[in-house]
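Read off the chains here:
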Amino acid sequence: MNIRIPTAKTLRCDVLVCGAGCAGIAAALAAARQGASTILVERAPFAGGIMTCVGLPFLDGIADSVSGKLITTGIPRELATKLGLCPPNAKTIYDFDPACVYWPHKTAYIRNIERLKALLDRELLAARVRILYHTTACEASVQHGHIRHVLIANKDGLTAIRPHHVVDATGDADIAHFAGARTELTPPVQPMTLHFRIGNVRNWTKASELAARRECRRALREGALRVFYGPGFSFCFAPNEAYVHAVRVPGNAADAADLTRAEIQGRADALAMFDRWQKRIPAFKHSYFITSGPYIGVRETRRIVGRYVLTAADILAQRHFDDAIATGAWYLDMHSNKATAGAAAKEPPVYPGPYDIPYRALLPKRLDNLLVAGRCLSATQRAASSARVTATAMALGEAAGTAAALSARAKCAAPNLPITRLHAALRRRHAAPASFS
Ligand SMILES: Cc1cc2nc3c(=O)[nH]c(=O)nc-3n(C[C@H](O)[C@H](O)[C@H](O)COP(=O)(O)OP(=O)(O)OC[C@H]3O[C@@H](n4cnc5c(N)ncnc54)[C@H](O)[C@@H]3O)c2cc1C
């Protein structure tokens, strides 16, 4: 696509990272630490993506969810260390506070999301990343398979960024889509979820949880809710504060109008649940609704169709790839668009062992300077349901940011970067995939 850029301002950089979520923060840190001049744009007023935009504290994929052995030992472990969760050389999830082993699956969680926001600001600034919050990447211009400009919109109006390489960490493959790369969206996509937190919950027991489930079922029968899941209650932030996984909104978050509808529906459903629970369940009698969001959580939209498409069969067979750049470890985690009382899914989870994710799954076809990281990687819908989780997304971002910086320095196309050079750089940062470390 060849668009005219209607702006007088142009910024230049080696690496532009779009989206400061799980993948984007790692990509920006990795690129800047390799010495690349790096710009990071994020539509929210802070970094962290799902962790801060939605309030999700779990670092799933950081360890083998069965054995507890640490898998993502680069930036995910570094952030966990700087948040005071584990020593710098932690080898297993058991090096964390035992309370970190939170779910039946072995994982870690962040105790205070506000501290994470501040930590990410500090780390990005220390690495000399040029950060632009409140900034949306909204168009890309391409010439001869090369992204020339990415257009951003913020309080300055429209600005063109002319990067050497781009990392698309928007979750929705926005840049790949704007640049005309092949993407796919597999209907029905998994539902969105608005998380919410309830304070001053007293005398919580299993009976309270079952009563909350009964109330959701009743709301469904009466037509007050169209769908829900769980509900799942975690008391991970404070002993009397419930963090609730329950809202389920089917829809397409890559469509602006549908995303707006989902936000409105999610808020209405969260309050409908809370009102019923407060009225009828003793544990909620004195409780209050603290907050939701601030954004509805989006599990799935577009994924690129890249130079390799990772499949569930690859994951379950723990297929080895010579160009592996990250290791996944989470189960295949598909959410249905129907109500699933008492759980998130109808089927029990399928656990793979640690598995390789190839570099080619980050590379769109026919574009030489775009890399994609996070949940919009090149994978089938089922494979992405495992590879999308937070710590794995960070590992993908770290690999993409490193590769973008090395390619910019070598003035080569991202697909032509020798994989041995990428492995060596990742190894120096303790971020090589398990099968190459
Ligand atoms: C409700 C819900 C519950 C989940 N539960 C878990 C869980 O318990 N454990 C777990 O590990 N994973 C969980 N996941 C999955 C996981 O959190 C995500 O898949 C993960 O966040 C993917 O990382 P990402 O960097 O690709 O996307 P994100 O973390 O979503 O980051 C994308 C970032 O890009 C920004 N952005 C988007 N478009 C633009 C644009 N055009 N310009 C600028 N910025 C843009 C967004 O604001 C965001 O900050 C859950 C997901 C959802 C939705």
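All figures in this text were calculated on a predicted structure; none of them were measured in a lab.

It is worth spelling out the overall build of the protein at this point. What the protein contains, in helices and strands, is 11 helices and 16 strands. Computed over C-alpha atoms, the radius of gyration of the protein comes to 21 Å, within 12% of the 22 Å expected from 2.2 N^0.38 for 437 residues, which places it in the range of a compact globule. With respect to the three principal axes, the spread of C-alpha positions in the protein is 65 × 50 × 40 Å. Within the protein, contacts between residues separated by at least 24 positions form 73% of all contacts whose residues are at least 6 apart in sequence.

Here we come to the packing of helix α3 (residues 75-82) against helix α10 (residues 390-410). Relative orientation of the contacting elements α3 and α10 amounts to 120°, with a least axis distance of 8 Å. What the angle tells us is that α3 and α10 run oblique. Here Ile75, Pro76 and Leu79 of α3 lie close against α10, whose contacting residues are Ala391, Met394, Ala395 and Glu398. Classifying every residue of the contact of α3 with α10 gives six nonpolar, no polar and one charged.

Here the focus is the site of the ligand. As a matter of local geometry, the ligand sits amid 30 residues, with Glu42, Arg43, Ile50, Asp60 and Arg388 nearest to it. A distance of 2.8 Å separates an oxygen atom of the ligand from a polar atom in the backbone of Arg388. Counting only elements with at least two residues in the shell around the ligand, the list comes to α1 (22-33), β4 (136-143) and α10. A breakdown of the residues in the shell around the ligand according to their chemical character gives 11 nonpolar, 12 polar and seven charged.

This part covers the environment of Thr72. Among the secondary structure elements, Thr72 is positioned in the loop between α2 (50-54) and α3. Judged by relative accessible area, Thr72 falls into the buried class, the value being 4%. Placed 30 residues apart in sequence, Thr72 and Glu42 show a C-alpha to C-alpha distance of 24 Å.

In this section: the environment of Asp14. You can see Asp14 is positioned in strand β1 (residues 10-18). Separated by 25 residues in sequence, Asp14 and Ile39 place their C-alpha atoms 8.3 Å apart. Not counting chain neighbours up to four residues away, the residues in contact with Asp14 comprise Gly35, Ala36, Ser37, Pro163, His164, His165 and Ala408.

Bringing the packing of aromatic side chains into the picture now. Scanning the model with the defined rule gives 15 aromatic pairs in all. On the basis of an interplanar angle of 65° and a centroid distance of 5.0 Å, the ring pair of Tyr308 and Phe321 is categorised as edge-to-face. You can see Tyr308 sitting in the loop between β12 (303-304) and α8 (312-316) and its partner Phe321 sitting in the loop between α8 and β13 (324-328), a full 13 residues away along the chain. In this pair, the class of Tyr308 matches that of Phe321, namely buried. Three or more aromatic residues joined by ring pairs form one cluster here, namely Phe196, Trp204, Phe233, Phe235, Phe274, Trp277, Phe284 and Phe289. Sitting over the face of the ring of Tyr109, Arg111 holds its NZ or CZ atom 4.5 Å from the ring centroid. Across from the ring centre of Phe237, 3.9 Å away, lies the NZ or CZ of Arg197, which sits over that ring.

Across the sheet, five strands lie side by side as β11-β8-β10-β9-β14; this open sheet has mixed pairing. This sheet does not close on itself; its edge strands, each paired only once, are β11 (288-292) and β14 (340-341). Alignment of strand β9 (residues 228-238) against strand β10 (residues 241-247), held across five bridges, turns out to be antiparallel. The residue of β10 that forms the bridge with Phe233 is Val244. Lying over the sheet, helix α6 (residues 206-221) contacts β9 and β14, oriented at roughly 145° with respect to β9.

The subject of this paragraph is the pattern of salt bridges. For the structure shown, the criterion picks out 19 salt bridges. The salt bridge involving Lys117 is made with Glu114; its shortest N-O contact spans 3.0 Å. Residue Lys117 and its partner Glu114 are located together in helix α4 (residues 113-126), separated by three residues, close to a single helical turn. Assessed through its relative accessible area of 17%, Lys117 is described here as buried. Judged by its relative accessible area of 52%, Glu114 is exposed. Arg261 is paired through a salt bridge with Asp258; the nearest N and O atoms lie 2.8 Å apart. Remark: Asp258 and Arg261 occur in helix α7 (residues 256-280); sequence separation between them is three residues, near one turn of the helix. Salt bridges linked by common partners bring Arg33, Glu78, Lys82 and Glu123 together as one network.

Tracing the sequence through the fold places Ala173 in the loop between β6 (157-168) and α5 (174-178). For Ala173, a relative accessible area of 0% gives the class buried. With 81 residues separating them along the chain, Ala173 and Ala254 place their C-alpha atoms 9.4 Å apart. In this structure Ala173 touches Asp168, Thr183, Arg302, Ile304 and Cys376, once residues within four positions along its chain are discounted.

Analysis parameters
- Residues numbered from 1 in each chain as written.
- Predicted model: local features only at pLDDT ≥ 70, side-chain atom pairs only at ≥ 80, totals over all residues.
- Heavy atoms only, no water.
- Helix = DSSP H or I, 4+ residues; strand = E, 2+ residues; numbered from the N terminus.
- Rg over C-alpha atoms; globule rule 2.2 N^0.38 Å.
- Contact = heavy atoms within 4.5 Å.
- Axes fitted to C-alpha atoms, helices over the stretch in contact; angles between N-to-C directions.
- Parallel < 35°, antiparallel > 145°, perpendicular 65-115°, else oblique.
- Nonpolar A, V, L, I, M, F, W, Y, C, P; charged D, E, K, R; others polar.
- Near = heavy atom within 4 Å.
- Polar contact = N/O pair within 3.5 Å; in protein donor to acceptor, adjacent residues only side chain to side chain.
- Buried < 20%, exposed > 50% of the residue type's maximum accessible area, 1.4 Å probe, protein only.
- Phe/Tyr/Trp six-rings, centres within 6.5 Å; stacked < 30°, edge-to-face > 60°.
- Lys NZ or Arg CZ within 6 Å of the ring centre and 35° of its normal.
- Pairing = 2+ DSSP bridges.
- Salt bridge = Lys/Arg side-chain N within 4 Å of Asp/Glu carboxyl O.

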